[in-house]
Amino acid sequence: MKILAVILSCFILLSCSDQKNKLQQPDMRLWYEQPAGEWTEALPVGNGRLGAMVFGDPLNERIQLNEESLWAGQPIDNNNPEALKHLPELQRALLTENIDKANDIVEKYFIGVPPNVRSYQTAGDIFIRSSGDQELSDYKRELVLETGISRTTFKLGDTKYVREVFASAPDNVIVIYCRAKGSGKINNRISLVRSKDAEVSAPGDDILVMKGQIVDAPDPKKGPGGKHMRFAGMLKVKTNGGEVTAEDSVLVIKDAKEFTILLTIKTDYDAENLGFNRSLDPLQSCRNIITKAEAESYTSLRNRHIEDHSPMFNRVKLELPETANSSLPTDKRLKAVKEGKDDPALAALYFQYGRYLLMGSSRSPGVLPANLQGIWNHKYNAPWNSDFHTNINLQMNYWPAEITNLPECVDPLNHLMERLTVPGRRTATEMYGAGGWTFHHLTDAFGRTGVMDGPWGVTPMDGPWMTFPVYRHFEYTLDTAYLRKTAYPLMKGSARFVLDFLIKGPEGYLVTAPSASPENAYFIPGTKKKGRLTYAATMDIEIIKGLFENCIKATEILNTDKDLRDSLENAMKRLPPLRIGKNGTLQEWIKDYEEPMPGHRHISHLLALYPLSQIQINPNTPELFEAAKKTIERRLSNGGGHTGWSRAWIINFYDRLLMGEKAHEHLLLLLKKSTLPNLFDTHPPFQIDGNFGGTAAIAGMFLFSHKNEIMLLPALPSAWHSGSIEGLKAKGNITVDIRWKDNKLDEVVLTPGRSGNIKIVYSDKYILLNVEKGKKYKLNGDLKNM
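Reading the values: the criteria
- For every chain, the first residue of the written sequence is number 1, and numbering continues from 1 onward in sequence order.
- At least 70 in pLDDT is required for a residue's local features to be given in this predicted model, at least 80 for side-chain atom pairs to be given and counted, and no such filter applies to totals for whole chains, interfaces and linings, which use all residues.
- Heavy atoms throughout the structure, all of them, feed into the side-chain values; hydrogens and water do not.
- A run of H or I in DSSP becomes a helix once it reaches four residues, and a run of E becomes a strand once it reaches two; helices and strands are each numbered from the N terminus.
- To get the radius of gyration, use the C-alpha atoms; to get the globule rule, take the number of residues to the power 0.38 and multiply by 2.2 Å.
- Residue contacts are defined here by distance: any two heavy atoms, one from each residue, within 4.5 Å place the two residues in contact.
- Shrake-Rupley sampling with a 1.4 Å probe provides the accessible areas, and residues are treated as covered by the protein chains on show and by no other component.
- Under this rule, positive means Lys or Arg and negative means Asp or Glu; His and the chain ends count for nothing.
- Each charge is placed at NZ for Lys, CZ for Arg, CG for Asp and CD for Glu.
- Points on a 1 Å grid over protein atoms alone make up a cavity when a 1.4 Å probe fits among them but cannot get out, and a pocket when they form an open set with protein on both sides within 12 Å along at least five of seven lines; lining residues each have an atom within 4 Å of a point.
- Grid points are joined across faces, edges and corners, and a volume is the space filled by probe spheres set on the points.
- For this classification, the nonpolar set comprises Ala, Val, Leu, Ile, Met, Phe, Trp, Tyr, Cys and Pro, the charged set comprises Asp, Glu, Lys and Arg, and every other residue, Gly included, is treated as polar.
- One requirement defines pairing of two strands: DSSP has to find at least two bridges between them.
- For every element, the axis is a line fit to its C-alpha atoms; helices are fit only across the contacting stretch, and the angle between N-to-C directions ranges from 0 to 180 degrees.
- The cut-offs work like this: below 35 degrees is roughly parallel, past 145 is roughly antiparallel, 65 to 115 is roughly perpendicular, and the gaps in between are oblique.
- A crossing counts as left-handed when the near helix is turned anticlockwise from the far one by less than a right angle, and as right-handed when that turn is clockwise.
- Working definition of a nonpolar core: buried Ala, Val, Leu, Ile, Met, Phe, Trp, Tyr and Cys residues. They are joined through side-chain atoms within 4.5 Å.
- The buried label applies to any residue whose accessible area, calculated with a 1.4 Å probe on protein chains only, is under 20% of its type's maximum; exposed applies above 50%, and partly exposed to all values in between.
- In this analysis, rings of Phe, Tyr and Trp, with Trp reduced to its six-membered ring, are considered paired at centre separations within 6.5 Å, and the interplanar angle assigns stacked below 30 degrees, edge-to-face beyond 60, and tilted for intermediate values.
- Consider the ring centre and the ring normal. A charge sits over the ring if Lys NZ or Arg CZ is within 6 Å of that centre and within 35 degrees of that normal.

Enquirer: Mind showing me how you'd approach the overall build of the protein chain here?
Expert: For the protein chain, the count of helices and strands is 18 helices and 34 strands. Against the 2.2 N^0.38 benchmark of 28 Å for 786 residues, the protein chain shows a C-alpha radius of gyration of 27 Å, consistent with a compact globule. Reported as C-alpha extents along the three principal axes, the dimensions of the protein chain are approximately 85 × 70 × 50 Å. Of the contacts made within the protein chain by residues no fewer than 6 positions apart, 69% connect residues no fewer than 24 positions apart. For the protein chain, the exposed area adds up to about 27,900 Å²; of that, 48% sits on carbon and sulfur atoms. Taken together, the 96 basic and 93 acidic charged side chains of the protein chain have centroids lying 2 Å from each other.

Structure (structure tokens):
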């Protein structure tokens, strides 16, 4: 590698007024020529707490609603009281490979009581119904990502109608606006509907009120029945001209030229204690929000929303080559890609849509993180309960947060993580006799931390795994106050659990037991029987190494807990090494077992490649780097990547392997095989983690940062021959703008948020810079100053 400079402390700096190469991003919108025929064609809006899916039907509009905390169920300590008593027996069975006995012990004494959670639920629907026989024309519906506004336009006769929907974070409401331009007027019937556990009334001519309480039936797998979450919704109509009257529980708008609907929903969820606060009055909370919002005009509400949403969204701009297909409606663009047509700009739209979805499902005023469906769910019993799956899915939801410059989207995740340590401490103590805290492969809004579902749920390293997005926020921001207050206490408690949980294995290494590799299995040696339980699954060792390294670094930065640091360093030396199997792949298990499902969707043993960066193309890990390649090839040759989130993970793997063409190939497969008409990811069914994983993977084609090194265009595919991206974040709080032409770096602009040394790498070149906080540094394609 050619050294261009050793240390440059002086550089030509860009003035803030230099706009010569400022990126003009293509129009970022999803648009369609027909209304949504089903839920996965509707368009999402969200403010982190409230969500809505807009169907865009001119005569029978449906807007499906969500509120983040509207969950069935209740707080339950489901730790199995027999677990700790039988832990030594289980560990002996695992260390001697008596898997049948281990499985029997787990089934009897470790599975949670109860073993399942209840579901996140829909809040209901708004219906806006019209009558008339005028001819419909000029129809279009769209979602403008930059403004966060869903817009439907159409003509009935000579009158044009405009309908806009957005979820306002500043005003904590969903806003629906309709206007008639022409001789026609608006005559609509508006209803607020929830078919279960709720009643709707009209206490005034311009208001609808929904009051309810989730009633759960007793279920031995889910817990006691009873009346649980209380909730309320309030809908207020404001008109310009015409009149509004109430007919039973329906509002009737007659002869108006425009109207605005304000909608909010509240529950008595206690976000601080992960339970219920019966002193809260959800209806009064709604009334307070609506009273404040109705004092504002529609224009004011709209402007306040855009002023909040757009600067956050516009931190990152991406331009990729456009083709003739780029001007087509979104569903037709997607169909063309599925038929093999080229449309790089669709990848740019998909990237920005992922950022939009994260903004809509994980930010203030919300307090819960994005679940398996973000915040959008139209069912009472959602697939996988739309829960928080912590064995890849919740982690993947936050992969794009830091690199795509949405750091505040991590706040709700941190909020939940801090509160999970309370039930997590009980799990650590009651199940494993350990200090610190942990949880297993899923949780809910009430903080369930025991073993869920079945033996495959005995994964106590999922708690430590969830510390990585918490620490990653510090790596990107370098906010030491955050590290001291939030990240380090979480990691310290997790590390304490791991230190207590580790035991000496047959080879003398420190190992985890029980252990599993998420949802996968192996053949028990000498049989064709499947085993899931083991000790020291490869994923566990990678998680522990990552956690301990992060903790050690944090203790050094904060100058604290030297004794803990020494314990972690000593324990790390005694962990088993990563091993390569006889087929050249990275071993997934402590032994080189045969695989019954070589194309399994989970590839958890490659955590060391992504997102942990423990395996890199450098002199320290070349054999592991090649083994990682072979692991992915083997998975794919046996049908792997068949779920959306798994395909997204594979793209990120290829980014780290510096294989841009392969990354692009699998991005196209993500679009072709796992993307719905509204660009939602599908498992199937809909699961939002693939959107977030795909967004992170696209960012990873342009930028990789580790410690004090930034690699530019590490996996740029040839199909994206020219383009630009502005506003990506590198670790160390550095904003990066990149422009490339003819598949080569053209220029890069770095804006550091801290002073110090950084290493910039592109292809076979690198440069060492000494940078000052707040100044801009501009390099050309040869990494020379411009």
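Enquirer: What is the right way to read the layout of surface pockets from this model?
Expert: A probe as big as a water molecule, rolled over the atoms, marks out the empty space that is left. Quantified by volume, the largest pocket comes out at close to 880 Å³. As for the largest pocket, its lining consists of 26 residues, and the residues nearest its centre are Glu-475, Asn-550, His-706, Lys-707 and Lys-731. Of all elements in the fold, only helix H11 (467–477) and helix H13 (538–558) reach the threshold of two or more residues within the lining of the largest pocket. Of the residues that constitute the lining of the largest pocket, the class distribution is 7 nonpolar, 11 polar and 8 charged. When its volume is computed, the second largest pocket comes out at roughly 530 Å³. Taken together, 25 residues form the lining of the second largest pocket, with Ile-617, Leu-658, Glu-709, Met-711 and Val-761 sitting closest to its centre.

Enquirer: Looking at this structure, how should I read empty space enclosed by the protein?
Expert: Enumeration according to the criterion identifies 5 cavities of 30 Å³ or more in this entry. If you trace the largest cavity, you find 16 residues lining it, with Ile-403, Tyr-476, Tyr-610, Arg-656 and Phe-704 closest to the centre. Contributions of two or more residues to the lining of the largest cavity are made by helix H8 (399–403), H11, helix H16 (644–656), helix H18 (689–702) and strand E27 (703–706). For the lining of the largest cavity, the per-class residue count stands at 8 nonpolar, 4 polar and 4 charged. Roughly 80 Å³ of volume is contained in the second largest cavity. Secondary structure elements with two or more residues in the lining of the second largest cavity: strand E3 (43–46), helix H4 (298–313) and helix H6 (344–361). A per-class count over the lining of the second largest cavity returns 5 nonpolar, 6 polar and 2 charged.

Enquirer: I tried to follow the sheet that holds strand E13 (residues 207–216) on my own but got confused; where do I start?
Expert: Two pairing modes exist for strands in a sheet, parallel and antiparallel, and in both the strands are linked by backbone hydrogen bonds. Judged by pairing direction, the sheet is antiparallel, and its 9 strands sit side by side in the order E2-E7-E8-E9-E10-E17-E14-E13-E12 without closing on themselves. On the outer flanks of this sheet lie strand E2 (29–32) and strand E12 (198–204), each paired with one strand and no other. Strand-to-strand twist of the sheet, defined as the mean angle between neighbouring strand axes without regard to direction, takes the value 15°. Where strand E9 (residues 159–168) and strand E10 (residues 173–181) come together, 9 bridges link them in antiparallel fashion. Its bridge partner lying in E10, Phe-166 is registered against Val-175. The strands touched by H4 within the sheet are strand E8 (149–156), E9, E10 and strand E17 (258–267), with E9 carrying the most contacts at an inclination of about 50°.

Enquirer: I tried to follow the packing of H4 against H6 on my own but got confused; where do I start?
Expert: Helix packing geometry: the angle between the two helix axes and the distance between the axes. Closest axis-to-axis distance for the H4/H6 pair is 11 Å, and the angle between their directions is 135°. What the angle tells us is that H4 and H6 run oblique. Judged by the sense of rotation from one axis to the other, the crossing of H4 with H6 is right-handed. When H4 is examined against H6, the residues His-309, Met-312 and Phe-313 are found in contact with a partner set consisting of Gln-352, Arg-355, Tyr-356 and Met-359.

Enquirer: Would you mind going over the nonpolar core with me for this structure?
Expert: Where a protein is soluble and globular, its nonpolar side chains tend to be buried together. Formed by 222 residues in total, the largest nonpolar core has its most connected members in Phe-702 and Leu-712. Sequence-distant contacts of Phe-702, defined by excluding residues within four places in its chain, comprise Leu-318, Leu-320, Met-711, Leu-712, Leu-713, Pro-714, Leu-716, Trp-720, Ile-725, Leu-728, Ile-738 and Trp-740.

Enquirer: Would you mind showing me how to read the sheet that holds E3 here?
Expert: Pairing within the open sheet is antiparallel, and its 7 strands lie in the order E3-E4-E5-E6-E11-E16-E15. Only two strands of the sheet have a single neighbouring strand rather than two, namely E3 and strand E15 (243–247). With direction set aside, neighbouring strand axes in the sheet form an average angle of 20°. Most of the contacts of H6 go to E3, to which it runs at about 45°, and overall it touches E3 and strand E4 (50–54).

Enquirer: In this structure, what is going on with the packing of aromatic side chains? I would like to understand it.
Expert: Ring pairs (aromatic) are described by centroid distance and by the angle formed between their planes. For the structure shown, the criterion picks out 25 aromatic pairs. Taking the centre distance of 6.4 Å and the plane angle of 40° together, the rings of Trp-376 and Phe-680 count as tilted. Here Trp-376 is found in the loop between H6 and strand E21 (388–389), whereas its partner Phe-680 is found in the loop between helix H17 (660–673) and H18, with 304 residues between them in sequence. Under the relative-accessibility criterion, Phe-680 is labelled buried at 0%. Plain terms: the ring middles of Trp-399 and Tyr-610 are 4.8 Å apart, the flat faces sit at 85° to each other, and that makes the pair edge-to-face. With a gap of 211 residues between them, Trp-399 in helix H8 and Tyr-610 in the loop between helix H14 (562–573) and helix H15 (622–637) connect regions that are remote in the sequence. Judged by relative accessible area, Trp-399 falls into the buried class, the value being 5%. Residue Tyr-610 is classed as buried on the basis of its relative accessible area of 9%. Of the aromatic side chains, those joined through ring pairs into one cluster are Trp-39, Tyr-353, Tyr-356, Trp-376, Phe-680 and Phe-686. Its end group placed over the ring of Phe-523, Lys-528 keeps NZ or CZ at 4.5 Å from the ring centre. The aromatic ring of Tyr-766 is capped on one face by Lys-759, whose charged end is 4.4 Å from the ring centroid.

Enquirer: Please clarify how the pairing of strand E7 (residues 136–144) should be interpreted in this entry.
Expert: Every other side chain in a regular strand lies on the same face of the sheet, so the side chains alternate between the two faces. Two elements, E2 and E7, share 4 bridges in a ladder whose sense is antiparallel. Looking across to E7, one finds that Tyr-32 is bridged to Arg-141. As paired elements, E7 and E8 share 7 bridges and run antiparallel to each other. Within E8, the residue paired with Leu-143 across the bridge is Ser-150. Hairpin connection of E7 to E8: 4 residues between the antiparallel strands, including Gly-148 at a positive phi of 70°.

Enquirer: Please explain unusual backbone geometry as it appears in this structure.
Expert: For residues other than glycine, phi is negative in most cases, and the peptide bonds are mostly trans. The residue after Ala-513, namely Pro-514, is reached through a cis peptide bond having omega 10°. Take Pro-514: it is sitting in the loop between strand E24 (510–511) and strand E25 (522–523). The omega torsion of the bond from Pro-684 to Pro-685 falls at 0°, within 30 degrees of zero and hence cis. With respect to the helices and strands, Pro-685 occurs in the loop between H17 and H18. In the Ramachandran plot, Asp-248 falls in the positive-phi region, its phi being about 60° despite a non-glycine side chain. Positionally, Asp-248 belongs in the loop between E15 and strand E16 (250–256). Residue classification places Asp-248 among the exposed positions, given a relative accessible area of 74%. Here the phi dihedral of Asn-743 falls at roughly 65°; this positive angle occurs in a residue that is not glycine. Here Asn-743 lies in the loop between strand E30 (734–741) and strand E31 (744–752).

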